Each structure stands twice: as structure tokens, then as C-alpha cells.
Amino acid sequence: MWQTLYAELKDSNFIVIAVALESRGNEAASEWIEQANPEYPCLIDVDHNVAALYNMINVPQAVWIDERGKIVRPTETAGATEGFRKMNLKTFTMPDAEMQKARQTRQLYLDAIRDWVSNGEQSEHIYSPEQARGRVPGLSNDAAMADAWFRLGLYLYADERETEGLALMYKASDLHPESWSIWRQTADLEAVGKSMGAEFWARVEALGEKHYYAPIDMKGIPE
Amino acid sequence: MTIIINRERAHKVSANFEDHELWVERGDFQIVSGFTLQPQGFCRGDNCIPIPPNQEEIFIDSDCINLTAFAELTNSPLVSSNSKDEWFLDDSIDIRNNRLVSLDAPDFSLPDLSGMMHSLSDYAGKKILLVSWASW
């Protein structure tokens, strides 16, 4: 998705920096990166440091940063929709309406990036500093403590103390249940596949009316 | 030997854990916290957090600093393994919040698949779409 956009805009002083929140490192990320064959930097963040720096709680999330290093759109869902929640788990197909909504959302998000790259500060898709500040995701004390437990758990896990490490990472997830990155990464370390298995679907189901991906605040994004 | 991990890396230090407090030597304190002890208090760059009046002995004992008390004073998460042999000290929650509200994109350095390091600041002067993904 990003390679096509990057190829189109790379001569317009624009770059994509992709960060894989991937505690299993190259082993987990390389296949995906080789398949996408990107020309832009694809970085491997085994410690989820970028998630902590930008208060990211899921993937894909994105931040728009201007030429002066200022955030003009804080962390938000990067063009994704949560149509998978309506997926038929027997046939693994999504309703047409959800497919269409996913296509529309993605198109609008990519067009908004194109508009920003062409028009800079004049783009209707960037926020004023005041608006941007208001949209920075907050960091609660519990969420910050979760980051610390998660990070210590990762260290112990890598130091061959898997049981204690995973216990601390699940403790982190309990402290910050909104972070899908923490839960899914922990589940993935416990057993590859667990992050998208029955427990994942049960957690998604338990969201009820709440979002898995917060809707993007952008004109025209379908409800 | 105690291991104190921060956002940068793990540090081996000689530390003393007693009465629920972790004490480290001044030099190690500086390395793991990024702060130095100054007459004005604990300082990092221009930012100084004063030690409350008449509480020096809570924080300082000859050449050692009470990392537990420092973490509480500065609102920095400090957590330990069951054995108390490994600790993680994170950036102050207040600093983390202020940093994002400033809208200055925080810098970081990470490797690509080949191990080559890239910093966000290497790309300063361009419009950047910073996007997360994962295999899980």
C-alpha cells in the first residue's frame, strides 16, 4: 500500500518510514518486507519504542510530520477500517458493504496524503498546532506503567526467562487493555498464531460498541 | 550485579536494594536516568526538578542516589523482576506528555533488516509519513 504512494510522491520531498513493532525481530518481519519490496526505510522496533514515543496502541497507525519536524497529524489509524469484525469466520469473506467502505477509506486517506504533499500548510487535512495538540492521544499513568512492565517482560523473555517475561507482559496488557499492540505482541511471543486465534476474536467481540480502529477524523470518511 | 534497563539499553551496575529502595552510585544514576544531580536538583538539559526542602537524606547518601525516590519525585515508572536483579526505568510520564504536546516529533534510531541504523532526524526537511505495522 505504501510503496505505490511512495513511488508516486518520492520526488516531492516526501518519505514513508515504516516501523515494524516486532519483538521477534527480523525473523518475523523479513518475509513481509521482502514481499512488499519497499524503497523507503522499513525499520525493526523489537522494543516497541516508537509505540511508546508516539502513544501508539495498534497497527497500522500513522503520524504526519512536516519538514520542520512538527507533528501535523498526531497518531491515528492509518487508513484502515475494522470490517474484519463483520467477517464470516466460516468462509473468511467480508460483506460487500464493508469491502467498499474499506476501499473508500483507504482511497480518501491516500488522497489526503497526496493533498498534504502538494499543498503543505494549505492542505485542509493538516491541523493547526492547537487542533493537533488536542488530538495527541493521552498517556494515563496506567498506560505508562504498562509500557514499563511490557519492556521489562521483553527483556526477561529475551533472557530465556519466558514464563516470568510473558507474565509481566500480560500484566502490562491488563493495565492498558486498549493497547492491542501489547496484547497481540505478547500472545505472538507466547505462541505464533495466538495473536489472531480464538482469544483474539473473543477480545474483539468483547469490544461491543467500542472501536478496534478509531475512525479517522477526516472529511468524507464513511461512518 | 544489578541490571537497570532504560529506553536505550541494559546497564550492569552495582546497586543496593533495601527497605524497598534501590540505591545506585552517582555515575550509574546519571547513565541510567539521563539526569545529573545539581545544586538545583535533578537536571536534564534545562529541565531541573528540585529536591523538596530538608529531604536531601531521602535522595542522597554520600555517593549514592535513591533511584526509587527519584522515580517517584519525577513520575518515572520503575519496575523490577521478582528477584529484584533486573529493573526497568522509563522516561518521566510528565516529560512524555509534554513532549508530545509540544508537537516536536520525538527522534529515534532503529535498524532496518540489514542492520543499518536510521534516525527520524536523518530525514528532516522532508514530509514524513511515520507508519507502524506488524506481522502479528
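Residues numbered from 1 in each chain as written. Chains lettered and ligands numbered in written order. Predicted model: local features only at pLDDT ≥ 70, side-chain atom pairs only at ≥ 80, totals over all residues. Heavy atoms only, no water.

**Points about the layout of surface pockets**
So the rule is basically this: Buriedness of a pocket was judged along seven lines, with at least five required to meet protein on both sides within 12 Å; pockets are open sets of points on a 1 Å grid over the protein atoms alone, cavities are sets where a 1.4 Å probe fits but cannot get out, and lining residues have an atom within 4 Å of a point. Grid points are joined across faces, edges and corners, and a volume is the space filled by probe spheres set on the points. Only DSSP runs of H or I with at least four residues qualify as helices, and only runs of E with at least two residues qualify as strands; both kinds are numbered from the N terminus onward.
The computed volume of the largest pocket comes to approximately 1,100 Å³. For the largest pocket, the lining is made up of 35 residues, of which Trp 32, Pro 60 and Tyr 213 of chain A together with Trp 133 and Ala 134 of chain B are closest to its centre. Counting residues per element, the ones that place at least two in the lining of the largest pocket are α1 (2–9), α2 (26–36), α4 (96–119) and α9 (198–206) of chain A together with β14 (127–133) of chain B. No other element matches the four residues that α2 of chain A contributes to the lining of the largest pocket. Considered as a void within the structure, the second largest pocket measures approximately 820 Å³ in volume. Ile 57, Gln 61, Glu 178, Ser 179 and Trp 180 of chain A are the residues nearest the centre of the second largest pocket, which is lined by 44 residues in total.

**Considerations on the pattern of salt bridges**
All names here are of chain A. We apply this condition: Salt bridges, as used here, are contacts in which a Lys or Arg side-chain nitrogen is within 4 Å of a carboxyl oxygen on Asp or Glu. In this scheme, a residue with accessible area under 20% of its type's maximum is buried, one over 50% is exposed, and one in between is partly exposed, where area comes from a 1.4 Å probe on protein chains only.
For the structure shown, the criterion picks out 23 salt bridges over all chains. A salt bridge links Glu 39 to Lys 10; the shortest N-O distance between them is 2.8 Å. Residue Glu 39 is located in the loop between α2 and β2 (42–45), and its partner Lys 10 is located in the loop between α1 and β1 (14–21); the two are separated by 29 residues in the primary sequence. Residue Glu 39 is classed as partly exposed on the basis of its relative accessible area of 46%.

**Description of the sheet that holds strand β10 (residues 78–80) of chain B**
Residues and elements named next belong to chain B. We count it as follows: Strand pairing requires that DSSP identify at least two bridges connecting the strands. Here an axis means a line fitted to C-alpha atoms, over the contact stretch when the element is a helix, while the angle between two N-to-C directions is reported on a 0 to 180 degree scale. The contact rule is simple, with two residues in contact once any of their heavy atoms fall within 4.5 Å.
Here four strands make up an open sheet; going across it, the order is β2-β1-β11-β10 and the pairing mixed. Unpaired on one side and paired on the other, β2 (10–13) and β10 mark the two borders of the sheet. Strand-to-strand twist across the sheet, computed as the mean angle between neighbouring axes with direction ignored, equals 25 degrees. Where β10 lies against strand β11 (residues 86–89), three bridges are found, and the strand directions are antiparallel. Across the sheet, residue Val 79 finds its bridge partner in β11, namely Phe 88. In the packing of helix α1 (residues 26–33) onto the sheet, contacts are made with β1 (2–5), β2 and β11, and the angle to β2 comes to roughly 170 degrees. Packed on one face of the sheet, helix α3 (residues 67–74) meets β1, β10 and β11 and runs near 140 degrees to β10.

**Some details on the pairing of β2 of chain A**
Residue and element names in this part refer to chain A. Condition: Classification remark: right-handed applies to a crossover when, strands pointing away from the viewer, the course from the first strand over the helix to the second runs clockwise.
Judged by which residues are buried, β2 turns out to be covered on both faces: Cys 42 and Ile 44 on one side and Leu 43 and Asp 45 on the other are all buried. Taken together, the four bridges between β1 and β2 define a ladder with parallel strand orientation. Across the sheet, residue Ala 20 finds its bridge partner in β2, namely Ile 44. Handedness of the crossover joining β1 and β2 through α2 is recorded here as right-handed.

**Topic: the sheet that holds strand β9 (residues 64–66) of chain B**
Within a beta sheet, neighbouring strands are joined by backbone hydrogen bonds and run either parallel or antiparallel to one another. Residue and element names in this part refer to chain B. Strand order across the open sheet formed by four strands is β3-β4-β9-β8, with antiparallel pairing between neighbours. Looking along the sheet, the strands with just one partner apiece sit at the ends: β3 (15–18) and β8 (60–61). Pairing geometry for strand β4 (residues 21–25) and β9, over three bridges, is antiparallel. The partner of Glu 25 across the bridge, within β9, is Cys 64. Where α1 meets the sheet, it contacts β4, β8 and β9, and its direction lies at approximately 105 degrees from that of β4. The strands that α3 touches are β4 and β9; relative to β9, the one it contacts most, it runs at about 45 degrees.

**So, the interface of chain A and chain B**
Inclusion rule: Two parts placed together each lose some accessible area under a 1.4 Å probe, and the buried area is that loss summed for both. Two N or O atoms count as a polar contact when they lie within 3.5 Å, although within protein this holds only if one can serve as hydrogen donor and the other as acceptor, and sequence-adjacent residues are included solely when both atoms are side-chain atoms. The nonpolar class holds Ala, Val, Leu, Ile, Met, Phe, Trp, Tyr, Cys and Pro. Asp, Glu, Lys and Arg form the charged class, and all remaining residues, Gly among them, are polar.
Between chain A and chain B, the contact holds 76 residues from the first and 48 residues from the second. Together, the buried faces of chain A and chain B total about 5,900 Å²; carbon and sulfur atoms form 64% of this surface. There are four salt bridges connecting chain A and chain B. Two residues, Lys 70 of chain A and Asp 104 of chain B, come together in a salt bridge whose shortest N-O distance is 2.8 Å. Our count for the chain A to chain B interface comes out at 33 residue pairs in polar contact (both at pLDDT 80 or more). Element by element, the count of residues in the side of chain A that touches chain B is highest for helix α6 (residues 141–158) of chain A, at ten residues. Taken together, the residues of the side of chain A that touches chain B sort by class into 47 nonpolar, 14 polar and 15 charged. Of the strand pairs in this sheet, β1 of chain A and β14 of chain B are connected by seven bridges, and their pairing is parallel. Across the sheet, residue Val 19 of chain A finds its bridge partner in β14 of chain B, namely Ser 132 of chain B.

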